[in-house]
Structures are given as C-alpha cells and as structure tokens.
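# Topology and contacts: notes
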Amino acid sequence: MSSGFVALCLLLLHTGALGFGILPGNSLNHQEITERAVLNSTLQVCRALAQAEGTDFTFPAQPFTAQAVAVACSAPKSSKSFRQAITFITLRNIRVDIRHALNASFHFDDEMLDQGRKIITEGILAVKASNKQENFEAARQKVGEILHPLQDFYSHSNWVEVGNKLPNSNLIRSDTSIGNIADKSRATCRNCVGDDCRNNILSDIIEEKVLTSGYFDVVPLFSTKPKGKCSHGGAVDQTSSIEPEGGINKDTFSASHGHLHTEAANLAIAATSSLLEHIREAAGDRPFLQMLGISKGSSKALCFVIDTTKSMSDDIEAVRTVTSSIINSKVGTEDEPSVYILVPFNDPDFGPLIKTTDPKVFQTAINSLTAAGGGDDEELSLSGLQLALTMAPSNSEVFLFTDAPAKDKHLKSTVIALIERTQTVVNFLISGSTVLNRRKQSDGRQNHHRIASSDAKLYRDLAQASGGLAIEVQKSELPAATSIITESSSSSLVTLLHAARSPGKTDTFYFIVDETVINLRVYITAGSLTVTLISPTGESQQSSDTTGSLITASLSVGNFKTLQLKTQPGRWKIQMVSSDPYTLKVNGQSPIDFLFDFVEASHGPFTGYDSLDSRPRAGVNGSLLVSLTGSDSATVTEVTLVESSGSEEIKGVVVPQGSGNFLVQFNMMPSVEFVVRVKGQDDSVASRVSSIVFQRQSSTNFRASNLTIIADSDSIMVPGTPFSVPFSAMTSGVEGNFTIRATNNRHFASTFPTNLFLETGKSANDTVTLSAPLNTPSGADVTLIIEVEAPGGEDTNYVVLRFSIVNTVTDFTQPVCELLSLQSNCSDNCILSMWKLSVKVTDGADGTGVERVSLRRGGGTLISSPAAGNENITLISYSSSCCSPDVELLVVDRVGNVGTCLYTYREGSPAAVSSSTKVIQLSLLFPSIVVLQILTKLGIH
C-alpha cells in the first residue's frame, strides 16, 4: 500500500458517510459509496500524472462531480464517457442485490467470509486481465460486481464493532488470511434489549477480534441460522426473530447497528478506493483512466468497417486520405479519438479486428489494406459490423464502406440488438451507381445493376435504427462524401433531431437550438426532395437557394446532402417535401448531453432498479435512468418517447435522484419504434437573465417487445471448460413455437435450442453452452446475444451478455527487489551531484515473470532490461540528482501481482548508508507507509 494511498484512505474516512441502500434517500447507498470513491481515486491518478509531467493540478471544489473531475484531469471532453463509466459500474453494483439477493457469499452474510473474499479476488484477476487486453468495458462490468460484496463486508460483518479503523486489506488478496473467523459452533451474539442492539455481540468476540457476520433468510421455515449466531436483522430477515434476536447490519441509520452506519460507510469508501488503487497499480495510470472513460482527447472512437474486395480500391484510398486528415489535424488536440478500430471484410473472411490507441499503428493498418478477390455478388458486411459493435466503446460512431449487398442478412436482428444496447451510430458509405451487385458480364467487366430493393433496404434499415445515414454515391464522389467522417469525429457532438420517413411524405419537423450549441449542421439522405428551413425569427430559405443567410455552406453528392446553418438560438422548423424515403438529422456541438439506460423495478426481496440487457416490455409501464453530462447545474424538465416515423409521443414523470441522475417513469412503453427526447434547463451562469433551455435526442431508435428474455451467469469463462448460460423466455402475446438464436462475436463453439414452445404468460427455460478454445488469451471477452423470435417474425427480443475469459492463475506472489549496488557523490550542492543504484527484480521460480517496472516516486531516470536467459529477472538502473534522495519502484508481474520497493540515500546523515540498507531490506517486508514511519524514527526526513 503506497503512502499516497494511505493518506487518501485517511482523508476518505473523514469526509462524510455514504451507504448501503440501493436507492437514494435519507439513508445511504451503494451508488454514492462507489461514485465518491471513483471520483477521489481518479483525482489522485490525475494529480500523480500532472506531477510526473511537471504540470499544475488543482482539485475541484467539493462535493466532487464527474464533470469537475474530468476538467481537473485536463480531459473535459471525456466528461460524458466518464459519467457513463461511473453509471455502468454503479448499476452493476446495484444489480448484485437484485440478482444475487439470497446468495450469502455476495454479501458476506452467514459467516461466508472466505467465500465472499473469493468472489472479490477472482474478480480482481479478471479486471487485471481485461485491462491488459484493453477490454475496458468487461473490466468495468467486473469492477461493479465485486464492489458490492466488498462494500457489504463493512456493514454485514463485525469489522467495525471490533474496533478496526482501516479497511481489511486482505479482502483483495487471496494468499493471506482474512482474519480470525468464528467457528461454526461458536456463539457470537446475544438477544437485543428490546430495539436496542448496541451490545448484542458477545464480549469475547469483541475482545478477541473474532470475525463474524449476520445470518439472513427471507423464508422462516428454511432458516439455517445455527444456535447462538448473529442475524443480519431488519423486517425482511426472518432469522432475526430466532434467538438470539435482533441483528448487526449497518445498512441504514435505522438498522440494528445503525449507530455505526457512518463508520461502516466510510470504511466501505476507503476499501473501494483501495481496490481501485490496486487495479491502478497493475494496469498503469493511463489504462486505469481509460477503464474509467477518461482519455487525453475526445471520448469518441474512430471506427471503420471496410470491404476489401477488388472493386474497392478507390474506396480504400478515400479511407486512407480521410484517416490521414483526421490524424494529422486532431492528434494532440481535444478532438483526438480515444481509440481507433478497423475491421476489414470480404467473402469468405472478415477481420481480424485491429484496436489501438496509437494513431500511427492505425494509420499503418489502413495503409496496409489491399483490395483483392471478390467476384460473387455479396460480402460478409454484417459479420464485420457485428465484430466492430462488440469491440467498440458504447456511444461510438461506425463507418462501413462497401459496394456490395450483404451475404449474411440473417445477422440483421443481431446487429440491431447490438446497436440498441451500445447506442452506436452506424453510417453506410455505399459506392457505385447505387447499392450494387457485382455480377460479371461475359467479357469480364463489372456490370453495375440496381440490386433488389430488399438489399438496399437492409442498409437503410440498419442506418435508421442507429441514427446513422446510408449514403449512396458514385466512386468518384466518395471523397466528398467522406467529409461526414471528419465532422462526426468532432468532440461534444450532440443530436438535436433525427427522423425518417419511409415511404416519403411531406412533413414538418422542429428542433431547439440553445446558446451552448455551435457548428449546427443538417444531414439528409433522399432521392429527390425539397427542403425549406425556417429560423426562430421567421426567416426562411430553401436548401437549393444559395443567396439566403440561414445556410452558410452546403454539399450535395449522390443521395447525400449536408447543410451548415447559421447558429441562431431558438426553435427552428424544417419542411420536407418528398415522395421518396428520406432521413433527416440535425447535429451540433455542445458540452450538454445526456445518457440513459432502460431499467426495471426489482421483483425480489429488495426494492430497486436493474438495468436491462434487452428490450423493455411493450404496452406496460417502464422506466429510464437519465444522466445529464457537461453541466453540474443542468436539470431535466421533460423526457418523451417519440415515434420514429410518426408524431405519437409519450411523456414520462421525472423524479430527481441526485448526482445528475433522473428516474423517468412511463405509464406505457410504446408498441412502435421510438427515440428518446430530453428537455432541460441550465442556470450555470449567475448573470444570465434567464435559463438556457435545451433539447437533445437519442440517435438510436428503440423498440419494445411483448417477449421477455432473461439470462444470467457467472461472468468469467475459463478456456477449455464448457460454460453454461441459463435463460428463460416468456410471451404476453399468442403462444406457439418461438425461434431461438444464439450468436457470439468470437464464433466459439456453442449449443442451444433452436426453438421453444411458449404459453402465454408462462416462462420456458433452457441453456446456451459456450466453450472458449484453450488458446484464448486471458483477458479476452466474448459477447453473447440470445434472441427469441415470435412465429412469423413479427416480434423479437434479445439479451446481450459480455463474459470475461480468464486463464487459471497460480501465481499470487508479488515480485521482489534485491539491491545490487548503491553509490553516490552527493555534496552540499545537491544540484551538481548524483546518486545511483542497481536493483534486481525477480518474480520467483514459479512466477509468471516481471512485466513492468515504473517509478511511483522519484525524480531521476529509470532504465530496465531483462536479464539474459531469465525472463523472471529484470535489472534496474536508477540515477538521480541528490536533491531527490528517495525512490519508490512499482513492480508488476504478468498476471498483475504488484510489489513496491522503496530506497533512499541522504548525504550527511550519520545513518545514511546503514539506514538505506535497512530501508532496502524493510521495503521488501512492509507496506510503504510502514517504511516511511521507520524512516522518520531513524531521523531520515
């Protein structure tokens, strides 16, 4: 444990209580514990990076917010992805109480302390492995799952009652004892005195610091509470009425031990920070921040899915050109993409996927693309798209280039499921005279024909579902059309309006532009149409008019038209006249945006809301959890579900939840395709006469369903071991034989039923079984989509699950350091003198090998190199000015075990040499804070 972290823990223990409920209220909740710890930990990492880079760092005012922390980290454009990561982690945390309510191991109930610790330590291994492979969403998912039991330990056990003031560091280590756990036959509690349970834990348990936790059961007939044991307590816990009566939980202020709720909650915050610090040490600072959605530039990804058959040479060259332009103009700026993704496809292959944060690596990959092969009509475009959607960050934008129909049309519903779950925008750039086939004439020349309307409609349907565009151009026009890629890669892009009409018809659309919006653009795809714009002041201009003042720039190429508008705040109107199908999209740049998740009320013993991995139920009530980003003072005033192809609207009831979150409840989820529209206001500038009124809309189109599908499983797969995913399906519509499909993005071998007979209102259960090959790298992940389709295909639903793949780990020993030499020529003038040391870092005979050695503290130069012939040994050379006499090394092995080694040399101290030797030896045995205390006692300051 580093000295900086201990200071953070002590700070957290005195910054107020947050707690263990699920929903906000007078008591305290898991959401706030998690958010407080994540914000504090992020600030510590950003401060360390700033110090290492020699830049200033300023802590934001308390209480910390995601927006303020992102700004403090010099990453204001990451505020949305940071907020999204925090929300994702907290929802996964809350899900444990809903989906594992009666599993004592997940809550440290029933004295299952070792079992609870196993959940945490195995989860940590998965997080480390995922981060190493840059699978950050899988890492976030597992972080949320293991934080719940970690936090519950301090409320459900007697750790606080026996007098502990710091977190139990052994909860995140599997190679040590968690503590002195009470034997199953040992009594731990006595009856409470009426409602007073302050002294119900037996005195000998307290004095001997024996660990116990309360027993919990909701069914009295099946209670397994042994004689003399403590209960969890509370109205739901049926064991609390069995002697000894009462309970010991500290979940709320009104709980049995509610008088200790503040202490337990603060320890939970500190423990959460300790776990995050441990993950940070293994991952490194920048990858840790990426796991939390913070990157140097924009949070947006640049993602290309490209047809590489022979006729695509011109298209690939256009991609090279636009990629070079984006990289050259945006690297090092706030608009630099956070990650670059490339997926080539043809027939019969697609992939491999290339995912990198290095623009040079991406540019090289693009430049190495070659166009070859082809010859038949169709390519595996949807397979490539499916792979990209499973590996790109949520809320990404994907550009798919092709001149051919899709060979894998059967993946349409799978792709739409991924679009809805990830809220990713997909744009299709289709080159040729129209969407093409490539049948060869007898003379061998390409003969471009208009393909069947169903083939063209497939791309248009997918674009519309995602809020993207299907742009059809001649190959010579493609470079002009790629301007949308440069525009879409701008940071802080928000959607003000997105609508489609198929078949086309005359219609009028409205959108609101607020004072924060800049770079206002309209995108239209259509065969032929007339567009009239009317500004908030009543001024009008047709899109074909080059003399008006509302349109400052325009481009028309193929079926694609883009208009740059004069940015004028107020309510705009667009009149569209066309008999052809068309899409209309209005974008701008603004810091204010929103995130949302479909959530469902728990039907178990605990109240709360669980985020959905599937479509919401149609025709019944439903809920959204909405979070605003980009402003700490903005508030939601209205949330509406708007019919995508019509005018039907359903308004929800907005209930503030705190921390910029709003629960929105709807009396009925629509049975038609819809988008989410949010209105709000912002009073952030005190001198402003009136509030900013803003409106934002989801790009993604959503559907509700009369089908329900639920699946859950352990989220860690082991290569070579069959992995079962139980699921249940139910219909509220007509009964019959329903089609089942299960696909995964890695094409792992799987078995599943092809159909299930469903009776109305009754569940049917079955299982999908997956198997990851033995050579699957640890830290990889797999996305599984299970779909259920009604007879005739009129209704579908799905569940999207992500699983981490982790090889069995046997190395739990941290790397250690051995001093080889320590020399100095330090003098009174420290600036002109140097000291240096040589260290051998080893990972033991059975270790996995040293992966990384870095400076946690020290202002000198570190050089590391592997020892010849032994990958478990790394040689370290460090040199520094005598003005910087201390160095702390952070050493990490290949499975993420972390060790720290502290050395010091201070000229003029009588004990300088001997003390250094003592410190070197001690640093291998004790945490850094202990070493620093020893240094102080030795008089080395």
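Look up: the structure comes first, before these words.
What this report covers is the structure whose coordinates are included nearby. Remember, it's a predicted structure, so these values are computed and weren't measured experimentally.

### Focus: the overall build of the chain
For the chain, the helix and strand inventory stands at 18 helices and 40 strands. The buried share of the chain, reckoned over its 941 residues, is 57%. Taking all contacts inside the chain whose residues are at least 6 apart in sequence as the whole, residues at least 24 apart take part in 71%. Entry remark: accessible area of the chain is about 36,600 Å², with carbon and sulfur atoms responsible for 51%.

### Brief notes about the sheet that holds strand E27 (residues 723-731)
Sheet architecture is open: four strands sit in the order E25-E27-E31-E29, paired in antiparallel fashion. Strand pairing shows two members of the sheet lacking a second neighbour, strand E25 (707-711) and strand E29 (749-751), which therefore form its edges. Ignoring which end each strand starts from, the neighbouring axes of this sheet average 20° apart. Where E25 and E27 come together, five bridges link them in antiparallel fashion. Across the sheet, Ile 709 pairs through a bridge with Ala 729, a residue of E27.

### Observations concerning the side chain of Thr 776
Take Thr 776: it is sitting in the loop between strand E31 (764-771) and strand E32 (781-789). The exposure class assigned to Thr 776 is buried, which follows from its relative accessible area of 7%. Here the side chain of Thr 776 touches Pro 773 through a polar contact of 2.7 Å, landing on its backbone oxygen. When near neighbours in sequence (up to four residues on either side) are disregarded, Thr 776 contacts Pro 719, Phe 748, Ile 805 and Asn 807.

### Section: the state of the cysteines
If you walk through the whole model with that rule in mind, you get six disulfides. Each disulfide pairs two cysteine sulfurs, and for Cys 817 the partner residue is Cys 901, the sulfurs being separated by 1.9 Å. Disulfide Cys 817 to Cys 901: torsion about the S-S bond roughly 80°, handedness right-handed. Of this pair, Cys 817 sits in strand E34 (residues 816-824) while Cys 901 is found in strand E40 (residues 898-904), placing the two residues 84 residues apart along the sequence. If you count the bonded cysteines of the chain from the N-terminus, they pair up as 1-2, 3-6, 4-5, 7-12, 8-10, 9-11.

### Notes on the pairing of strand E22 (residues 661-666)
The buried fraction of E22 is high, at five of six residues. Relative to E22, strand E21 (residues 653-658) is paired through five bridges, and the arrangement is antiparallel. Pairing of Val 653 across the sheet is with Gln 665, part of E22. Between E21 and E22, which pair antiparallel in sequence order, lie two residues; one of them, Ser 659, sits at a positive phi of approximately 55°.

### Some remarks on the sheet that holds strand E7 (residues 493-501)
Strands sit in the order E7-E15-E9-E13-E12 across an open sheet of five strands; the sheet is antiparallel. Taken across any chain shown, the strands that pair with only one partner, and hence form the sheet edges, are E7 and strand E12 (551-557). If you compare each strand with its neighbour and ignore which way they point, the axes differ by 15° on average. Alignment of E7 against strand E15 (residues 582-589), held across eight bridges, turns out to be antiparallel. What sits directly across from Leu 497, in E15, is Val 586.

### Digging into the pattern of salt bridges
A side chain with one charge can pair with a side chain of the opposite charge if their charged atoms come near. Per the stated rule, a full pass over the model turns up 51 salt bridges. Across the pair Arg 320 and Glu 317 runs a salt bridge, and its minimum N-O distance is 3.1 Å. Here Arg 320 pairs with Glu 317, and both are found in helix H10 (residues 313-330), just three residues apart, close to one helical turn. The exposure class of Arg 320 is buried, given its relative accessible area of 18%. Ionic contacts of the salt-bridge type, sharing partners, join the residues Arg 92, Arg 95, Arg 99, Asp 610, Asp 613 and Asp 712 into one network.

### Some remarks on the packing of helix H5 (residues 113-132) against helix H8 (residues 261-283)
Look at H5 against H8: their axes get within 10 Å of each other, and the N-to-C directions meet at 35°. Along this stretch, H5 crosses H8, giving a crossing that reads as right-handed. Contact residues: H5 offers Ile 120, Ile 124, Val 127, Lys 128 and Asn 131, while H8 offers Leu 275, His 278, Ile 279, Ala 282 and Ala 283. Classifying every residue of the contact of H5 with H8 gives seven nonpolar, two polar and one charged.

### Observations concerning the packing of helix H4 (residues 79-99) against helix H6 (residues 136-156)
Relative orientation and spacing of two packed helices are given, respectively, by the angle between their axes and the distance between those axes. Taken N-terminus to C-terminus, the directions of H4 and H6 make an angle of 45°; their axes are 7 Å apart at the nearest point. Here H6 runs oblique to H4, going by the angle between their axes. As H4 runs across H6, the sense of the crossing is right-handed. In this structure, H4 contributes Ala 85, Phe 88, Ile 89, Arg 92, Asn 93, Val 96 and Asp 97 to the contact, and H6 contributes Glu 137, Arg 140, Gln 141, Val 143, Gly 144, Glu 145, Leu 147, His 148 and Gln 151.

### Digging into the environment of Gly 899
Checked against the element boundaries, Gly 899 lands in strand E40. C-alpha of Gly 899 to C-alpha of Asp 843: the two residues are 56 residues apart in sequence and 9.9 Å apart in space. With residues up to four places along the chain from it excluded, the contact list for Gly 899 reads Gln 814, Pro 815, Leu 889, Leu 890 and Val 891.

### Some points on the side chain of Asp 893
Counting through the fold element by element, Asp 893 comes out in strand E39 (residues 886-893). Buried charge without a partner: Asp 893 forms no salt bridge, and the closest opposite charge is Lys 128, 6.9 Å away. Within polar-contact distance, the side chain of Asp 893 engages the backbone nitrogen of Val 895 at 3.1 Å. Among the polar contacts made by the side chain of Asp 893, one reaches the main-chain amide nitrogen of Gly 896 at a distance of 3.0 Å. Beyond its immediate sequence surroundings of up to four residues, Asp 893 is in contact with Asp 811, Thr 813, Pro 815, Asp 843, Thr 848, Gly 849, Val 850 and Glu 851.

### Digging into the nonpolar core
Core analysis: the largest hydrophobic core is formed by 53 residues, its most contacted members being Phe 82, Val 143, Leu 150, Tyr 154, Leu 275, Phe 288 and Met 291. Breaking this core down by element, the ones donating at least two residues are helix H2 (30-53), helix H3 (66-72), H4, H5, H6, H8 and helix H9 (285-291). The element that contributes the greatest number of residues to this core is H2, accounting for nine residues. Every residue in contact with Phe 288, bar those within four places of it in the chain, is listed here: Val 45, Leu 276, Ile 279, Arg 280 and Ala 283.

### Regarding H8
Over its 23 residues, H8 extends 33 Å from the first C-alpha to the last, a length consistent with the 33 Å expected when each residue adds 1.5 Å. Taking burial as the measure, the 23 residues of H8 include 21 buried ones, the bulk of the element.

### Details of unusual backbone geometry
Going from Gln 62 to Pro 63, the amide bond is cis rather than trans, its omega being 0°. Mapped onto the elements, Pro 63 comes out in the loop between H2 and H3. Notably, Asp 110 is not glycine yet its phi reads approximately 55°, a positive angle. In the Ramachandran plot, Lys 209 falls in the positive-phi region, its phi being about 55° despite a non-glycine side chain. Assignment of secondary structure puts Lys 209 in the loop between helix H7 (203-207) and H8.

### Considering the pairing of strand E2 (residues 339-345)
The buried count for E2 comes to seven of seven residues, which makes it a mostly enclosed element. Side chains Val 339, Ile 341, Val 343 and Phe 345 project from E2 onto one buried face, and the interleaved Tyr 340, Leu 342 and Pro 344 project onto a second face that is buried too. By the bridge criterion, seven bridges tie strand E1 (residues 301-307) to E2 in an arrangement that is parallel. Across the sheet, Leu 302 pairs through a bridge with Tyr 340, a residue of E2. The handedness of the E1 to E2 crossover, carried by H10, is right-handed. Bridge count for E2 against strand E3 (residues 354-356) is three bridges, and the pairing is antiparallel. Note on E3: the bridge partner recorded for Ile 341 is Lys 355.

### Regarding the environment of Ala 729
Relative to the assigned elements, Ala 729 resides in strand E27. A sequence separation of 19 residues divides Ala 729 from Ile 710, and the C-alpha atoms of the two residues are 6.6 Å apart. Beyond its immediate chain neighbours, meaning those up to four positions away, Ala 729 contacts Thr 708, Ile 709, Leu 756, Leu 758, Lys 762, Ser 763, Ala 764 and Val 788.

Calculation criteria
- Residues numbered from 1 in each chain as written.
- Predicted model: local features only at pLDDT ≥ 70, side-chain atom pairs only at ≥ 80, totals over all residues.
- Heavy atoms only, no water.
- Helix = DSSP H or I, 4+ residues; strand = E, 2+ residues; numbered from the N terminus.
- Buried < 20%, exposed > 50% of the residue type's maximum accessible area, 1.4 Å probe, protein only.
- Contact = heavy atoms within 4.5 Å.
- Areas by Shrake-Rupley, 256 points an atom, 1.4 Å probe, with all protein chains shown as cover.
- Pairing = 2+ DSSP bridges.
- Axes fitted to C-alpha atoms, helices over the stretch in contact; angles between N-to-C directions.
- Polar contact = N/O pair within 3.5 Å; in protein donor to acceptor, adjacent residues only side chain to side chain.
- Disulfide = S-S within 2.5 Å.
- Salt bridge = Lys/Arg side-chain N within 4 Å of Asp/Glu carboxyl O.
- Left-handed = near helix turned anticlockwise from the far one by under 90°.
- Nonpolar A, V, L, I, M, F, W, Y, C, P; charged D, E, K, R; others polar.
- Parallel < 35°, antiparallel > 145°, perpendicular 65-115°, else oblique.
- Lys, Arg positive; Asp, Glu negative; His and termini not counted.
- Core = buried A, V, L, I, M, F, W, Y, C linked by side-chain atoms within 4.5 Å.
- Expected span 1.5 Å × (residues − 1).
- Right-handed = clockwise from strand over helix to strand, strands pointing away.

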